[in-house]
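Structure at a glance
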Amino acid sequence: MSGRRTVIIGAGVVGAAIADELSALGWTDIVVVDQGDFPATGGSTSHAPGVVFQANGSKAMTDLARYTVEKFVALEHQGESCFLQVGGLEVATTPERMAEIHRRHGWLTSWGVEAEVVDADRCVELHPLLDGTRVLGGLHCPTDGLAKALWAVEAQIERAMSRGVRMLPRHEVLDITVENGKVVGVVTNHGEIPADVVVCCAGIWGPKVAALVGMNLPLTPLAHQLAWTGSIPALAGQTDEAVRPALRHQDADLYFRDRYDQLAIGYYGHRPMPIDANGLLSVDDAAVMPSVLEFTPSDFGPAWEETQALLPSTTEAKIEEGINGVFSFTPDGMPLLGESQDVSGFWVAEAVWVTHSAGVGRAMAEWLANGYSSSFDLHECELNRFEDFQLLPEFVLERDCQNFVEVYDILHPLQPMDSPRGIRTSPFYPRQQELDAFFLPATGWERPHWYNSNKDLLDRFQVPQPNDWAARYWSPIVGAEAQATRDSVAMYDMTALKRLTVTGSGATAFLQRLTTGTIDKSIGSVTYTLLLDHDGGIRSDVTIARLGEHHYQVGANGALDTNWFHRFLPQDGSVTVTDITPGTCCIGLWGPKAREVLSQLTDADLTNTGLKFFRAAQINIGNVPVTAMRLSYVGELGWELYTTADLGLRLWDTLWEAGQNHGIIAAGRGAFNSLRLEKGYRSFGTDMTFEHDPYEAGVGFAVKLDKGDFIGRDALLRRKENQTRTLACLTIDNHVDVVAGKEPVFLNDRPVGYVTSAAYGYTINKGIAYAWLPTEAATPGTEVEIGYFGRRIRAVVTAEPLFDPKMTRLRG
Ligand code: THG
């Protein structure tokens, strides 16, 4: 097998890794082109300091980094390893950072990378240049270190060439030829190269290359300062390139690495310096290389001061060289991986740093060869995860710059970016403002997290106070809203829920093939079902309402679902998928009194037999025609009520008025999340993702194996027999330390899993944490501990759901 004819654009550390990995899988008809010389082509790889820290809040990013480390350690360039495994050390100089270091240590433990939180003395032992009096402690990860990025490029490309891959330096890409929506060739200054697959690994030139096929790539090249001291007398005579760990001083936006008797200093504290990808100089015109701009010493002042304070022996040296090195940032800090939705065969592997490069090479090779990556869960990295508004230049620039600013900040999991805010608002927004809602953004939607107007509820409901960290982006009102929902009735703004319609004569067959459920049921049926990858991994969980013979409404999780549907659309035009989210809105009306409120407003039969659980109907509510679906993610009687955006405010006001005699409240996402965990409802993206199958995730009930073939079925039959891990429900008696997700779980003092999502359960009066555990540890009654800022919190595996297991609320 030689695979499809493939052109990789860019021979940086990403292109090289893909060429190596893809050729290792048997694809050898590969050409790598680069505008520059080989191996130092002039892109970000050519100036990268190569500092590799594996700690990351994203499991995927740590997995990609770990793969990179392992590969580079073993990869040789002229007999020497491409990785100097000197370790990594992050130091804290403030109590807040020390706490953060414990949290980051938790991530590494959760993702299975060994590391240790160390005291100040040990920091100095590891890195003797440190002023121990300034340091409170640190995080030491011994497998971190320094990648020899250019060696890795050379070694990987040469290995690929030995398998038949061709490397063409000084080939500038001028155009990409597309016919009938498919890539057919890459035009260079030396002529056209035919291609079935093009992989854009052009780094900071990515936006320019992507534009050749009409794609808006949400990537901004930003300059970042990197400087080198002259010889430091204290290091005189150091003959090894590096002996001390790579060092991060995040409180001052700094990192350091050895270079013989000098130090390299990287700095993120300066103003963002975005660069237009079209304005980058050519290889021949650039003074040093296109990705290296002239050093601006005035931006570096604070960096040098902080360096001398932290590493006093540097006062005897000077800054000798510096650059403003340009590399890639994205709106959410994650890479951009995948195939264009519009141009088949045009793939992207962009915004990938050296740290994750080899892992991305592996992931992309698997994805290209097999249709999915079996080694990595890429849902956070997918190219097509963005909404259209998130691809506009203004949004991209603002977010990318903000990501530069925040790169080393201590970010609470719920903390939104300061800007941009207020981009999308539901029709209910003016009322929510009147009720003094505290908003958090969700895919650009401003969504109430709680309503300050509900503070009087605190006279009726007890709400325990969590610790200061857990109390951020929280109010006791959250707990009161949750209890009030179970007690009477509440309105939830569900507008941010992604809604698609699938219509046309082929709609039923299409959905039957893409989902695990039986959706070919009577009109009015609603089905909770899953989308699976070809390897049986969960792509999404959705609800599908059959509103007509050839008309379905899908309640989905995000842009990836739309993209997934588009990938499988039949060519004959018999199916149309439409995103109706923007033009519509939704209120969840839930609670024991929901029926009393709604029946005042409609002639429709809302009795338990008239509109059963998981059925939908078109009803009128006053002046507003509504699609009502009887289901509830919070586990209470009630309906999701959908209407068009123009009628939204009227719907809100009508319900609000009718609910006044029944104690109706508006309730926010904080309460919502607590209630759904009490009910045991999983959330795609946190509790379960691409790497999990339905059985281990506890949603096997949504798989109908006997319905006929569907995507992922064969793989599922294999995986079903092989369950080693389980998504388990933990409860926590300590109500102060409310965990947030991603914390490690210990059994007999050994890390065995990690928390996915968590909240306090205000009805059951316990903390709740869902966690991936080895199946044998997932039996109710098993006592475990959760790592929390360096402490251990006792938790116990508990039978789920914790609330209303008999479904009397929902079915009543
Ligand atoms: N509402 C709608 N669509 C959605 C969600 C939603 N799609 C995305 C996401 N949320 C899907 N998640 C769930 C999870 C559980 C349920 C509904 C959506 C649910 N499950 C019931 C149960 O397990 O008890 C019913 C299961 C069944 O009868 O098959 O209600 O919030 N529209």
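Residues numbered from 1 in each chain as written. Predicted model: local features only at pLDDT ≥ 70, side-chain atom pairs only at ≥ 80, totals over all residues. Heavy atoms only, no water.

Looking at an unreviewed UniProt entry, one finds the chain named Putative dehydrogenase, with Hoyosella subflava as its source organism.

For the coordinates displayed, the defined rule picks out 30 aromatic pairs. Residues Y267 and F300 carry aromatic rings whose centres are separated by 5.9 Å and whose planes lie at 85° to one another, so their mutual orientation is edge-to-face. Remark: F300 occurs in helix α8 (residues 297-310) and Y267 occurs in strand β19 (residues 262-267); sequence separation between them is 33 residues. Considered together, Y267 and F300 belong to a single accessibility category, that of buried residues. With centroids separated by 5.7 Å and ring planes inclined at 65°, the aromatic side chains of Y268 and F404 adopt a geometry described as edge-to-face. Of this pair, Y268 sits in the loop between β19 and β20 (273-274) while F404 is found in helix α10 (residues 393-405), placing the two residues 136 residues apart along the sequence. An identical accessibility class is assigned to Y268 and F404; each is buried. Through successive ring pairs, a cluster of aromatic residues spans Y255, Y268, F327, F329, W353, F404 and Y408. The aromatic ring of W151 is capped on one face by K148, whose charged end is 4.4 Å from the ring centroid. Positioned above the aromatic ring of W772 is the side chain of R725, whose terminal nitrogen or guanidinium carbon lies 5.6 Å from the ring centre. (Phe/Tyr/Trp six-rings, centres within 6.5 Å; stacked < 30°, edge-to-face > 60°. Helix = DSSP H or I, 4+ residues; strand = E, 2+ residues; numbered from the N terminus. Buried < 20%, exposed > 50% of the residue type's maximum accessible area, 1.4 Å probe, protein only. Lys NZ or Arg CZ within 6 Å of the ring centre and 35° of its normal.)

The sites that carry the UniProt feature "domain: Aminomethyltransferase C-terminal" (unreviewed entry) are, in the present numbering, residues 725-804. Spanning residues 725-804, this segment combines 0% helix with 57% strand, and its end C-alpha atoms are found 26 Å apart. (UniProt positions renumbered as here; feature names shortened; annotations may be inferred.)

It is worth spelling out the site of the ligand at this point. Neighbouring residues of the ligand: 16 residues in total, closest D541, T543, G555, E640 and Y681. At 2.8 Å, a backbone N or O of G555 approaches a nitrogen atom of the ligand. In the model, a nitrogen atom of the ligand is placed 2.7 Å from a nitrogen or oxygen of the E640 side chain. About the coverage of the ligand: the protein hides 87% of its 650 Å² of free accessible area. Counting residues per element, the ones that place at least two in the shell around the ligand are β30 (538-548), β31 (551-556) and β36 (638-644). Partitioned by chemical class, the residues of the shell around the ligand number 11 nonpolar, 3 polar and 2 charged. (Near = heavy atom within 4 Å. Polar contact = N/O pair within 3.5 Å; in protein donor to acceptor, adjacent residues only side chain to side chain. Areas by Shrake-Rupley, 256 points an atom, 1.4 Å probe, with all protein chains shown as cover. Nonpolar A, V, L, I, M, F, W, Y, C, P; charged D, E, K, R; others polar.)

Once that is clear, we can look at helix α3 (residues 59-74). Here α3 contains 16 residues, and its C-alpha end-to-end distance of 23 Å stays within 8% of the 22 Å for a straight helix at 1.5 Å per residue. The N-capping residue of α3, defined by a side-chain oxygen 3.3 Å from the backbone nitrogen of A60, is S58. (Expected span 1.5 Å × (residues − 1).)

To continue, consider the sheet that holds β30. Read across the open sheet, the 5 strands follow the order β29-β30-β31-β28-β32; overall the sheet is antiparallel. The open sheet has two edge strands with one neighbour each: β29 (526-532) and β32 (576-579). Adjacent strand axes in the sheet meet at a mean angle of 30° when their direction is disregarded. Bridge analysis of strand β28 (residues 498-503) against β31 gives 6 bridges, and the strand direction is antiparallel. (Pairing = 2+ DSSP bridges. Axes fitted to C-alpha atoms, helices over the stretch in contact; angles between N-to-C directions.)

What follows is about the sheet that holds strand β14 (residues 191-194). The strand order across the open sheet built from 3 strands is β12-β13-β14, with neighbouring strands paired in antiparallel fashion. Each edge of the sheet is formed by a strand with only one pairing partner; in this case those strands are β12 (173-179) and β14. Direction aside, neighbouring strands of the sheet carry axes that sit 30° apart on average.

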